[in-house]
Amino acid sequence: METFALLKKYAANGDGFVRMTEEDLNRLRNVLVEMLADFHRLCEDNHLTYLLTGGSALGAQRDGQIIPWDDDIDVLMPRADYEKLAELVEQTYPEKYWVQNLHTCDRFDLNFAKLRKYGTAYVELYEPAPDKAGICIDVYPLDAAPDNRLARVFHGLVDEALYLAASCVRMHQKKDRLLTYIKDERLSGIIRFKCFLGKLLLSRKDPRSWYLRCEKWAGRLRRHNTGYLAVSSGRKHYFGEMYKRERILPPRPIAFAGGMYYAAKDNDYLLRILYGDDYMTPHKEGQKESHALLALSFETKRSSTNE
């Protein structure tokens, strides 16, 4: 995820990436808000728990709106509810949305899910299945972590090692596409090194086995009501996104983008962990990120999902 963060920063000035106009950005945000409203309704109707995270939680805390330069929405879901989402979306919105995850798309290689809107395109540089990449909400599983400190550290070290291995494998699978667009010497050097490690890790294993091992390990305490929660697939990983359960759940209502949604029980606590104590201070122009976007369309031909 840290390499992806560097890709976002590079995309702000790199060649070959989509530069959204203000009209594009406003239109994209309108679609995302519509998707979030539908997602919220589905969760309410089926008693699923979720909360805003990342830039979405930040925007809600600052002024109740999407951050001016933000072009996505991020949510967390406890693992048990996260695992129910794909089937419920298929039942509730069969013609409008689908959930892309390791089990609904054979080419998917991320350890979080994307709620995709049919008939749209939002293709990022590292998409594993560009032909299926519609406008999306990112849904991250929120997992229980051990109460015992030593067990928590051990669990985290294994978790971090598995996610690093999966990241290298993922990078190797997309090496040619990445290096076609990335001209920055430092970033391409990181990509080449990770690709080298990925090639070694793939010598005896199918790529998907690494992603599935990450999922299995991260969710191994799904039935335990421990005092700690972690987001292994988040940009700061297991140790960087470790929370006390009592500060996160149950979520509370918060005004956001013209509606009422859910944020962490203590949203300030979550945001301080994610962004530091000065999170309310807006970033300077040069610090803002852009997605490494190759294609954006609000009307495309629909394709089947499980390929």
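Our subject is the structure listed above.
For the structure given in this document, a descriptive report is provided here. (Residues numbered from 1 in each chain as written. Predicted model: local features only at pLDDT ≥ 70, side-chain atom pairs only at ≥ 80, totals over all residues. Heavy atoms only, no water.)

### Quick word on the overall build of the protein chain
Next, step 1: Assigned secondary structure in the protein chain consists of 11 helices and 11 strands.
Next, step 2: For the protein chain, buried positions account for 54% of its 307 residues.
Next, step 3: Long-range contacts, defined here as pairs at least 24 residues apart, represent 71% of the contacts in the protein chain between residues at least 6 apart.
Next, step 4: Put simply, the protein chain shows about 14,500 Å² of open surface, and 51% of that area lies on carbon and sulfur atoms. (Helix = DSSP H or I, 4+ residues; strand = E, 2+ residues; numbered from the N terminus. Buried < 20%, exposed > 50% of the residue type's maximum accessible area, 1.4 Å probe, protein only. Contact = heavy atoms within 4.5 Å. Areas by Shrake-Rupley, 256 points an atom, 1.4 Å probe, with all protein chains shown as cover.)

### As for the environment of Ile 182
Next, step 1: Positionally, Ile 182 belongs in the loop between helix 6 (175–181) and helix 7 (185–201).
Next, step 2: The spatial distance from the C-alpha of Ile 182 to the C-alpha of Gly 16 is 9.4 Å, given a sequence separation of 166 residues.

### Looking at the nonpolar core
Next, step 1: With 75 residues, the main nonpolar core has Ile 248 and Leu 270 as its most contacted residues.
Next, step 2: No other element matches the 8 residues that helix 2 (residues 22–45) contributes to this core.
Next, step 3: Leu 270 has contacts with Leu 51, Thr 53, Ala 57, Leu 76, Tyr 243, Ile 248 and Ala 264, leaving out every residue within four places of it along the chain.
Next, step 4: In this structure, Leu 178, Leu 187, Ile 191 and Ala 292 belong to the second largest nonpolar core, which totals 11 residues. (Core = buried A, V, L, I, M, F, W, Y, C linked by side-chain atoms within 4.5 Å.)

### Concerning helix 11 (residues 267–275)
Next, step 1: Inspection of helix 11 places Asn 267, Tyr 269, Leu 270, Leu 271 and Leu 274 among the buried residues, and these make up the whole buried set.
Next, step 2: Looking one or two residues beyond helix 11, the residue adopting positive phi is Gly 276, at roughly 95 degrees.

### A short note on a nonpolar patch on the surface
Next, step 1: On the surface, a cluster of nonpolar side chains totalling about 250 Å² of accessible area is made up of Val 153, Leu 157 and Phe 239.
Next, step 2: Positionally, Val 153 belongs in helix 5 (residues 149–173). (Patch = residues over 30% accessible without salt bridge, like charges linked within 9 Å, V, L, I, M, F, W, Y side chains within 5 Å. Salt bridge = Lys/Arg side-chain N within 4 Å of Asp/Glu carboxyl O.)

### Details of the packing of helix 3 (residues 54–62) against helix 11
Next, step 1: Interaxial distance between helix 3 and helix 11 falls to 10 Å at its minimum, and their mutual angle equals 130 degrees. For the element pair helix 3 / helix 11, the angle class is oblique. In the packing of helix 3 onto helix 11, the handedness of the crossing is left-handed. Where helix 3 abuts helix 11, its residues Gly 54, Gly 55, Ala 57, Leu 58 and Gln 61 lie against Asn 267, Asp 268, Leu 270, Leu 271, Leu 274 and Tyr 275.
Next, step 2: Along the lines of polarity and charge, the residues of the contact of helix 3 with helix 11 split into 6 nonpolar, 4 polar and 1 charged. (Axes fitted to C-alpha atoms, helices over the stretch in contact; angles between N-to-C directions. Parallel < 35°, antiparallel > 145°, perpendicular 65-115°, else oblique. Left-handed = near helix turned anticlockwise from the far one by under 90°. Nonpolar A, V, L, I, M, F, W, Y, C, P; charged D, E, K, R; others polar.)

### As for the packing of aromatic side chains
Next, step 1: Within the structure shown, the criterion is met by 9 aromatic pairs.
Next, step 2: Centroid distance Phe 17 to Tyr 181: 5.7 Å. Interplanar angle 35 degrees. Geometry classified as tilted. Here Phe 17 is found in the loop between helix 1 (2–11) and helix 2, whereas its partner Tyr 181 is found in helix 6, with 164 residues between them in sequence.
Next, step 3: When its relative accessible area of 8% is taken as the criterion, Phe 17 is described as buried.
Next, step 4: Plain terms: the ring middles of Tyr 243 and Tyr 269 are 6.2 Å apart, the flat faces sit at 65 degrees to each other, and that makes the pair edge-to-face. Of the two residues, Tyr 243 sits in strand 8 (residues 242–244) while Tyr 269 sits in helix 11, which places them 26 residues apart along the sequence.
Next, step 5: Take Tyr 243: its relative accessible area is 0%, and that puts it in the buried class.
Next, step 6: The buried category is assigned to Tyr 269, whose relative accessible area is 14%. (Phe/Tyr/Trp six-rings, centres within 6.5 Å; stacked < 30°, edge-to-face > 60°.)

### Remarks on the side chain of Asn 101
Next, step 1: When you line up the elements, Asn 101 lands in the loop between strand 3 (97–100) and strand 4 (113–117).
Next, step 2: Within polar-contact distance, the side chain of Asn 101 engages the backbone nitrogen of Thr 104 at 2.9 Å.
Next, step 3: Among residues more than four places away in sequence, those in contact with Asn 101 are Ala 86, Phe 108 and Ala 113. (Polar contact = N/O pair within 3.5 Å; in protein donor to acceptor, adjacent residues only side chain to side chain.)

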